[in-house]
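Working through the structure, step by step
Each chain is listed here by its residues.
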Amino acid sequence: MTKRRFDSVWAAIEGDPREAANLRARADLMIALQEHVRRRSMTQAEAAHLLHITQPRVSDLMRGKIELFSIDTLVELLGRAGASVKLSVQFKRAA
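For the structure given in this document, a descriptive report is provided here. These figures come from a predicted structure and were not determined experimentally.

The next subject is the overall build of the protein. The secondary structure content of the protein amounts to five helices and zero strands. Helices and strands appear in the protein in the N-to-C order α-α-α-α-α. The buried share among the 95 residues of the protein stands at 27%. Counting contacts in the protein only where the partners sit at least 6 residues apart, residues at least 24 apart contribute 54% of the total. Summed over all atoms, the accessible surface of the protein reaches about 7400 Å², with 52% contributed by carbon and sulfur.

With that settled, consider helix α4 (residues 55–62). Listed as buried for α4 are Val58, Ser59, Asp60, Leu61 and Met62. Of the residues trailing α4, Gly64 is marked for its positive phi of about 75°.

All right, on to the side chain of His36 then. Mapping His36 onto the fold places it in helix α2 (residues 17–39). Take His36: its relative accessible area is 17%, and that puts it in the buried class. Once you skip the residues sitting within four places of it in the chain, His36 turns out to touch Met42, Leu50 and Ala81.

This part covers helix α3 (residues 44–51). Helical geometry note: an α-helix holds 3.6 residues per turn, so side chains three or four residues apart project in the same direction. Ala47, Ala48 and Leu51 are the residues of α3 that are buried. Looking down the long axis of α3, one finds its buried residues gathered within 105° of arc, a one-sided arrangement. Facing away from the buried side of α3 by over 90 degrees, the exposed positions are Ala45 and His49. Turning to α3, the residues buried within the fold contact α2, α4 and α5 (71–80). Just past α3, the residue His52 takes up positive phi, approximately 60°.

Here is what the cut-offs are and how they apply
- Residues numbered from 1 in each chain as written.
- Predicted model: local features only at pLDDT ≥ 70, side-chain atom pairs only at ≥ 80, totals over all residues.
- Heavy atoms only, no water.
- Helix = DSSP H or I, 4+ residues; strand = E, 2+ residues; numbered from the N terminus.
- Buried < 20%, exposed > 50% of the residue type's maximum accessible area, 1.4 Å probe, protein only.
- Contact = heavy atoms within 4.5 Å.
- Areas by Shrake-Rupley, 256 points an atom, 1.4 Å probe, with all protein chains shown as cover.
- Arc of directions from axis to C-beta.

Put into C-alpha cells, the structure is as follows:
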C-alpha cells in the first residue's frame, strides 16, 4: 500500500478539485448553522420555525447530511437565522 498526501480531507474524499471545494464550502456553512442552533439551545421544532423548514429537514441538517444541502440553500438558511455570510477566496500558488 502506498501513502498519498492530500491538500485537505475534502480532496481525499472527492477526486475532482471543484467538487472538493464545493464540499468544503457546504461543510463550513453547515457547521456554522449547526453551531448557531446549538448555541441558542433550540429544539428542532424551534429551529424549523426560525428557518422556515420542516423539523425532518432540521434533523438532516443537525445530523450533517451534507449531500442534501446546496450552498445556496445553506446561505439562505443562515440568512434566515440572522447571519451575514462573508466569502473568502484564495488561489493556490502554482508549483
